[in-house]
Amino acid sequence: MFKRLTSSALVFGMAALAPPVGAAPCGPREELVTHLAEKYQEVRRGAGLSSATRVVELWSSTQTGSFSVLLSYPNGMACVLATGSNWSEASPSETVIVPDSDTAT
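Residues numbered from 1 in each chain as written. Predicted model: local features only at pLDDT ≥ 70, side-chain atom pairs only at ≥ 80, totals over all residues. Heavy atoms only, no water.

On to the packing of aromatic side chains, then. This structure, assessed with the given rule, holds one aromatic pair. An angle of 45° between the planes, with centres 5.4 Å apart, marks the rings of Phe67 and Trp87 as tilted. Here Phe67 is found in strand β4 (residues 67–72), whereas its partner Trp87 is found in the segment after β5 (77–84), with 20 residues between them in sequence. (Phe/Tyr/Trp six-rings, centres within 6.5 Å; stacked < 30°, edge-to-face > 60°. Helix = DSSP H or I, 4+ residues; strand = E, 2+ residues; numbered from the N terminus.)

Have a look at this one:
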């Protein structure tokens, strides 16, 4: 009985300490952007404020077709929100039409 209780407590305790599945990898921003530049040849294409203290950055590569979305904090940390492949640049003259929610079927 004691062995089962101890092993159960150990297993559930370890599960509670594990990061959630799909948790964004975070670290010092400078290390993340160096990795993006060196491994994927990505450069910063744009950025915008998500809140008063967070910046969303889009990094992409025309050579490899990869892209990454970072969320950067004022303390020097950043988290990778999304990555992908087959990135293509859109020209400023391209118009994107988003259907109005009232007219969408």
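Taken as a class, soluble globular proteins show a tendency for nonpolar side chains to be buried jointly. Of all hydrophobic cores here, the largest spans seven residues; its members are Leu32, Val33, Leu36, Trp59, Leu70, Ala78 and Val80. Elements with a contribution of two residues or more to this core: α2 (29–40) and β5. At three residues, α2 tops the list of elements feeding residues into this core. Other than its neighbours up to four places away in sequence, Trp59 contacts Arg29, Val33, Leu36, Glu42, Val43, Arg44, Arg45, Ser66, Phe67, Ser68 and Leu70. (Core = buried A, V, L, I, M, F, W, Y, C linked by side-chain atoms within 4.5 Å. Buried < 20%, exposed > 50% of the residue type's maximum accessible area, 1.4 Å probe, protein only. Contact = heavy atoms within 4.5 Å.)

This part is about the state of the cysteines. The full count for this structure, using the stated rule, is one disulfide. The partner cysteine of Cys26 in its disulfide is Cys79, sulfur to sulfur 1.9 Å. One disulfide, between Cys26 and Cys79, carries an S-S torsion of 105° and so falls in the right-handed class. Taken as a pair, Cys26 in strand β1 (residues 26–28) and Cys79 in strand β5 lie far apart in primary sequence, 53 residues in all. With relative accessibility at 46%, the residue Cys26 sits in the partly exposed group. What makes Cys79 buried here is its relative accessible area of 10%. (Disulfide = S-S within 2.5 Å.)

In this section: the pairing of strand β3 (residues 54–60). Strand direction decides the pairing type here: strand β2 (residues 43–51) and β3, joined by seven bridges, are antiparallel. Bridging across to β3, Gly46 finds its partner in Leu58. (Pairing = 2+ DSSP bridges.)

The next point concerns the sheet that holds β3. Within a sheet, adjacent strands bond to each other through the backbone by hydrogen bonds, running parallel or antiparallel. Taken in spatial order, the five strands line up as β1-β5-β4-β3-β2 in an open sheet, and their pairing is antiparallel. Each end of this open sheet is capped by a strand with a single partner; those strands are β1 and β2. Between one strand and the next, the sheet's axes are offset by a mean angle of 30°, whatever the strand orientation. Judged from the six bridges that link them, β4 and β5 form a sheet pairing that is antiparallel. Looking across to β5, one finds that Phe67 is bridged to Gly84. Along the sheet, α2 contacts β1, β2, β3, β4 and β5; its crossing angle with β1, the most-contacted strand, is approximately 100°. (Axes fitted to C-alpha atoms, helices over the stretch in contact; angles between N-to-C directions.)

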